Number of protein chains: 4
Amino acid sequence: MIIVTRAGVSPDEIDHIRERVEALGLRTHISVGDRRTIIGCVGDEARLAEVPLLSITGVEAVHPVLKPYKLASREFSENETRIPFGRSEIGGDGFTVIAGPCSVEGLDMMRRTADRVGPAGAAGLRGGAFKPRTSPYSFRGLGEEGLKILARIRDETGLPVVTEVMDTRQAELVAGYADMLQIGARNMQNFALLTEVGRLHRPVLLKRGMSATIKDLLLAAEYVMSQGNMQVILCERGIRTFETATRNTFDLAAIPVLKRETHLPVFADPSHAGGVRDLVAPLSYAAAAAGADGLLVEVHPVPEEATSDGEQSLSLEEFDGLMTGLVPFLEAVGRVPGGAATAPPA
Amino acid sequence: MIIVTRAGVSPDEIDHIRERVEALGLRTHISVGDRRTIIGCVGDEARLAEVPLLSITGVEAVHPVLKPYKLASREFSENETRIPFGRSEIGGDGFTVIAGPCSVEGLDMMRRTADRVGPAGAAGLRGGAFKPRTSPYSFRGLGEEGLKILARIRDETGLPVVTEVMDTRQAELVAGYADMLQIGARNMQNFALLTEVGRLHRPVLLKRGMSATIKDLLLAAEYVMSQGNMQVILCERGIRTFETATRNTFDLAAIPVLKRETHLPVFADPSHAGGVRDLVAPLSYAAAAAGADGLLVEVHPVPEEATSDGEQSLSLEEFDGLMTGLVPFLEAVGRVPGGAATAPPA
Amino acid sequence: MIIVTRAGVSPDEIDHIRERVEALGLRTHISVGDRRTIIGCVGDEARLAEVPLLSITGVEAVHPVLKPYKLASREFSENETRIPFGRSEIGGDGFTVIAGPCSVEGLDMMRRTADRVGPAGAAGLRGGAFKPRTSPYSFRGLGEEGLKILARIRDETGLPVVTEVMDTRQAELVAGYADMLQIGARNMQNFALLTEVGRLHRPVLLKRGMSATIKDLLLAAEYVMSQGNMQVILCERGIRTFETATRNTFDLAAIPVLKRETHLPVFADPSHAGGVRDLVAPLSYAAAAAGADGLLVEVHPVPEEATSDGEQSLSLEEFDGLMTGLVPFLEAVGRVPGGAATAPPA
Amino acid sequence: MIIVTRAGVSPDEIDHIRERVEALGLRTHISVGDRRTIIGCVGDEARLAEVPLLSITGVEAVHPVLKPYKLASREFSENETRIPFGRSEIGGDGFTVIAGPCSVEGLDMMRRTADRVGPAGAAGLRGGAFKPRTSPYSFRGLGEEGLKILARIRDETGLPVVTEVMDTRQAELVAGYADMLQIGARNMQNFALLTEVGRLHRPVLLKRGMSATIKDLLLAAEYVMSQGNMQVILCERGIRTFETATRNTFDLAAIPVLKRETHLPVFADPSHAGGVRDLVAPLSYAAAAAGADGLLVEVHPVPEEATSDGEQSLSLEEFDGLMTGLVPFLEAVGRVPGGAATAPPA
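Definitions and limits used
- Residues numbered from 1 in each chain as written.
- Chains lettered and ligands numbered in written order.
- Predicted model: local features only at pLDDT ≥ 70, side-chain atom pairs only at ≥ 80, totals over all residues.
- Axes fitted to C-alpha atoms, helices over the stretch in contact; angles between N-to-C directions.
- Helix = DSSP H or I, 4+ residues; strand = E, 2+ residues; numbered from the N terminus.
- Parallel < 35°, antiparallel > 145°, perpendicular 65-115°, else oblique.
- Left-handed = near helix turned anticlockwise from the far one by under 90°.
- Contact = placed C-beta atoms within 7 Å.
- Nonpolar A, V, L, I, M, F, W, Y, C, P; charged D, E, K, R; others polar.
- Domains from an automatic or database assignment.
- Pairing = 2+ DSSP bridges.
- Least-squares fit on C-alpha atoms with pLDDT ≥ 70 in both.
- Buried ≥ 20, exposed ≤ 12 C-beta atoms within 10 Å, placed from the backbone.
- Right-handed = clockwise from strand over helix to strand, strands pointing away.
- Expected span 1.5 Å × (residues − 1).

Some details on the packing of helix α6 (residues 191-198) of chain D against helix α7 (residues 214-226) of chain D
All names here are of chain D.
Turning to step 1, where the next piece is worked out: Relative to each other, α6 and α7 sit at 40°, their axes nearing to 7 Å. Here α6 is positioned oblique relative to α7, judged by the angle of their axes. Between α6 and α7 lies a crossing of right-handed hand. Counted together, Phe191, Leu194, Thr195, Val197 and Gly198 of α6 and Ala220, Tyr223, Val224, Met225 and Ser226 of α7 form the full contact between these two elements.
Turning to step 2, where the next piece is worked out: Class assignment for the residues of the contact of α6 with α7 results in seven nonpolar, three polar and no charged.

What follows is the structure, given as structure tokens:
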């Protein structure tokens, strides 16, 4: 932590600041400048993070030196985290595509979807049973019935399933059916929920919040990891900006920044980022080119009849085209389509 | 709902769109332009909201005509909603200030705070027992012990207490102690939590999310209201933008826009909006001038020792100054300081 | 300037950084932490600002200590800047309202406007002769003919006139007619234009750019001032965010932040900030309450027939109402309506 | 144009709206709904664009049907625009990389740069002679001396040169030396400058403003084109958002959206978007994968000594690596590195 004083700070004020810092067991280095004084604080920065340094008289600015996340940081683990997922694994040299409809609408449409996306190269199936909807009057999912459909399709096809958990009370229930738990963008800072899924033994797909910085996203992962669950996948899905030509603004640079900052796998969700079907392919290719470990893609047998997010859902034919189109980009980045080749037998 | 077609749409495509709309029981009016066709849809727009119109071939744009919120809208209620709060009420001609520390840190500091802010004109006391913190390593509140302290101070002073609920599982517990339930900015779209507090008989102070539009905020209120709890207070507390000189960007215009759109009371939180103590007074005066019904202000007996948000907390003396400073602005807008004069006896 | 190294930086890398800094005449203080080293640089920070420190191996972060603006900063001048404007002055204890249409459309409408806004309390008249328009097909102003109309109305009424300059080639021409030069939001970082108006002897009304931080705005003022023209008025007019309920997001907190950072007068433009007529009054009252020195308000004799910005223009009657409505707020902040009482005779 | 009325609009108000529209030569179609009335306006929408419809009593919302840009739109030209550039051309099947330092600092460093980037595959050389700098105290370029250096290097190497024009008064001067004129992000809505370069016979590289929507960017291109200069290249370079981990937020989706909306070539500037050297390669690969026609990349012989933007400049070796790294991505999108194969001899 570095503390910068205001111009004209008095020696007594500097002493008071120094005492506050040293009382917490840190050492201080003081550089007296022409107008301002710099107080470098060496030691356990986490202790200082709790102190409202800016409210101390004479303090003008405070600059943290260390990252506020530990378990999620590159410095914690030299190796990339790999997460078993069905017959393959996420992370490493593979590239994992998880596909399916926004909402689980019934057994038939899920079966039709799974029967097509699996052979096309998807490593897992997605589908919402509990749906976060902006309006209370929108369709909010089939609930446990939806979870049962997902589990049945998994049993039939071998595709592991991913579904969202929205409520701490449902976490165990959902974990009983699903292979991976999704935390949606609107719940990225639902800290009670993060804590809860941190106690479960299920990988967590953590979507970036619409106004979350990259640091916020890593701190949300830290919540889950600090409870003991180290299987977290981060997912860039667009942030909210002034641009209205797309549903959200896909922050592509977040992918390489996250790969530099953390050992956790990084996914992209081109469907929510762009918000329309035509953008799914170019955003997917770009995400692969920028180093993503996988994609979360919305696919529906009849997009025009989807109960939610039909505008951004690929048809089954379009998904085939996406998977074919991805191949040269995956070759360019040296990745193996359909999950890591080095995956252990399930 | 108005549907605009792409240039060069075919008559068959227009027929298909029309059939989809009419099958839901709406009528259509078709205006054929030089390049595009406009299809006006008359009837129950809510049915159409579920249909992914943009995914239908030939559709270029869709413009809703009606507001997506009903219970929260001005059209639902001609009268301003008034909410009993201790010995006064929120809404109407009063101006309600709720003050207290970010976190309940102990009995003494809460008592010191209440003993000063009550006589200074605060109508209620705030304090967090369950704290949403960006880092899992920060202080996260005293939990139920904090709730007991709040209730005890309420009994001693008569000041009603407001505290945050973060988890569906805690909602009843918190409602057992608190006079008003706060939903924090990060949980504004935690739909499970909104639904849960909608089932309780406690007023809800709903803070705007950092990336929530005004429409999103009203839809979040609609979630609570659609469960039967009509006692919702909206709170502008700053949104996230590129500007870093303040913690958030205080969207002052949201206050008059909300007053135009809804019958619900509208508060401002100058502490979180500005993020530093010096901005609390000018932002408070401005909120009053723009028509707010009240304020949520952070106050701490010793801001420099606060376990959270000390930078933006007023000292007890500063709070006295704020309340004195507010008087001429409240007179200018014709409001009664300290809660509505017309309040019925509690 | 404070330099923070990466974890694992080598002694040679630290030496190299130190040498680069000392070669520019600054001294260094080095604090070795457990993982990172902090290098405090004492001396003329401006020299370091030109060096791409982040591109030096081993550097992880750089934190400036001093403000990048000098002439515009509070530290440069203890007194508030006051700017003569017609019969009164801007800054100090006065509150200056400048009103008029978006565009000068003709002599009659300007005369009708001036004849009404002057008696209502406006201290100056605004009107665009050269209009920046997002579309090349929109009305772009009367040009010099518009300037002549402004000058004639000034001569008739005694109201000083403000108009926008968009092109370095027009700066002298506009200064020949106008009492104050406006730099529009889209030209706030048109550095050639800032430099040009810095060479003229006319006060400059500098509007904040839609994506400009407060620091950017002060640096733009510094451009003008560094050429010798110290008569700059800053104007908050809303920034661009994700919120679409208003034309821009009025950053009210910018007003007190600017008043803290600079000695220059600070105005607000409630017309562009809100974008609709109904918001002009509440935003104006709030700006006054937050400490603004004046307002720039769009007024048109027949808003419905305005060639630009009619949606946000007040009618003449509405402007009367605004000026009356402002009085108690100005009393609350201890300001004199209609310009400073202490103004010297012109 | 579609006009939606407020609830409870009167027949007289509807008549007045209809008359205003029809007086401009458009026809109206009126759909009376349960609460609101929809007025579809058929005919020359441009005439209505000038009318402040929202200021007419009874109007609640206005939705344009047609795009406000014409010459820049896909509907104007079925063929992709191709722009001759040195020995190759921009647009079509080629992929054009323009590389060089932020500022022209001298003859030697420009020669060293050109001698390396040309053989590595760059089709053109960039370098600023007039530099827009946020602070008036920063290095602002060599001026005409810099232009002469650029021209001399072009003559030596055959590489066409691109440089920024910031001032209407310099436009002809710059055009006398440069092969392509760059309009910087901060001048994207400097309409006088857009008009001026629209009158010259030089291709224009138009960078997106930091707060410009995609529509704003196309309207800025329309300014240039409406003066007769149809040789415009659009350049995505990042927008301003709340994220501070990167200098700007690279709006990758703007690339495919622009390719859908316009026939003009679309470039990306990975240097300004990311702001640090390490992000240049992943952002470049992603831009190529998403369909960009070329890149603008900052390269400096000794980035650590650059007078501006050293943090984000590639060294000569790193640029070699970028060009090699790009090859498989260009193959994946079917593009020819180094400019279009179909280029006519210069």
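Thoughts on the interface of chain B and chain A
Turning to step 1, where the next piece is worked out: Tallying the contact residues gives 41 residues for chain B and 41 residues for chain A.
Turning to step 2, where the next piece is worked out: When contributions to the side of chain B that touches chain A are tallied by element, the ones reaching two or more residues are α6 (191-198) and α7 (214-226) of chain B.
Turning to step 3, where the next piece is worked out: A total of five residues in the side of chain B that touches chain A trace back to one element, the largest contributor, which is α7 of chain B.
Turning to step 4, where the next piece is worked out: The residue inventory of the side of chain B that touches chain A, partitioned by class, reads 18 nonpolar, 12 polar and 11 charged.

Some details on the domain arrangement of chain A
Turning to step 1, where the next piece is worked out: Entries for chain A in the domain assignment read domain 1 (2-63) and domain 2 (83-337).
Turning to step 2, where the next piece is worked out: Placing the centre of domain 1 of chain A and that of domain 2 of chain A at their C-alpha centroids yields a distance of 44 Å.

Quick word on the sheet that holds strand β2 (residues 27-32) of chain A
Residues and elements named next belong to chain A.
Turning to step 1, where the next piece is worked out: Read from one edge to the other, the open sheet built from four strands follows the order β2-β3-β1-β4, with strand pairing classed as antiparallel. Strands at the two margins of the open sheet, each flanked by one partner only, are β2 and β4 (59-63). Going across the sheet, the axis of each strand differs from the next one's by a mean of 20°, ignoring polarity.
Turning to step 2, where the next piece is worked out: As paired elements, strand β1 (residues 2-5) and strand β3 (residues 37-42) share three bridges and run antiparallel to each other. Of the residues in β3, the one forming a bridge with isoleucine 2 is glycine 40.
Turning to step 3, where the next piece is worked out: Across the sheet, helix α1 (residues 11-22) is in contact with β1, β2, β3 and β4; its angle to β3 comes to roughly 10°.

Let's talk about the relation of the copies chain B and chain A
Turning to step 1, where the next piece is worked out: Mapping chain B onto chain A is achieved by rotating through 180° and translating by 0.0 Å along the same axis, at an RMSD of 0.0 Å. As the rotation angle and translation indicate, the two copies are arranged about a two-fold axis. Across chain B, the rotation axis passes nearest the C-alpha of serine 211 of chain B, at a separation of 2.7 Å.
Turning to step 2, where the next piece is worked out: Here 100% of the contact residues of chain B are again contact residues in chain A; the copies associate through an equivalent surface.

Quick word on the relation of the copies chain A and chain D
Turning to step 1, where the next piece is worked out: The transformation that overlays chain A on chain D combines an axial shift of 0.0 Å with a rotation of 180°, and the residual RMSD is 0.0 Å.
Turning to step 2, where the next piece is worked out: Comparing interface residues between copies, 100% of those in chain A also sit at the interface in chain D, which points to an isologous, same-surface contact.

A look at the pairing of strand β10 (residues 180-183) of chain D
A regular strand carries its side chains on alternate faces of the sheet.
Residues and elements named next belong to chain D.
Turning to step 1, where the next piece is worked out: Side chains Met180 and Gln182 of β10 all project onto a buried face; the interleaved residues Leu181 and Ile183 project onto the opposite face, where all are buried too.
Turning to step 2, where the next piece is worked out: As paired elements, strand β9 (residues 161-164) and β10 share three bridges and run parallel to each other. Along β10, the bridge assignment pairs valine 162 with methionine 180.
Turning to step 3, where the next piece is worked out: Of the pairings in the sheet, the one linking β10 to strand β11 (residues 204-207) comprises three bridges and is parallel in character. Within the sheet, the bridge partner assigned to glutamine 182 lies in β11 and is leucine 205.
Turning to step 4, where the next piece is worked out: Between β10 and its parallel partner β11, the chain crosses via α6, and the hand of that crossover is right-handed.

With respect to the interface of chain A and chain D
Turning to step 1, where the next piece is worked out: In this assembly, 34 residues from chain A lie in contact with 34 residues from chain D.
Turning to step 2, where the next piece is worked out: Going through the elements one at a time, α7 (214-226), α8 (254-261), α9 (270-274), α10 (280-289) and α11 (316-332) of chain A are the ones with two or more residues in the side of chain A that touches chain D.
Turning to step 3, where the next piece is worked out: A per-class count over the side of chain A that touches chain D returns 20 nonpolar, eight polar and six charged.

Some details on α7 of chain B
All names here are of chain B.
Turning to step 1, where the next piece is worked out: For α7, with 13 residues, the first-to-last C-alpha span of 18 Å sits near the 18 Å given by 1.5 Å per residue.
Turning to step 2, where the next piece is worked out: The buried fraction of α7 amounts to 12 of the 13 residues, a majority that puts the element mostly inside the structure.
Turning to step 3, where the next piece is worked out: When we look at burial in α7, the residues that qualify are Ile214, Asp216, Leu217, Leu218, Leu219, Ala220, Ala221, Glu222, Tyr223, Val224, Met225 and Ser226.
Turning to step 4, where the next piece is worked out: Residues of α7 that are buried make contact with α6, β11 (204-207), β12 (232-236) and α8 (254-261).
Turning to step 5, where the next piece is worked out: Count one or two residues on from α7 and you reach glycine 228, which has phi positive near 115°.

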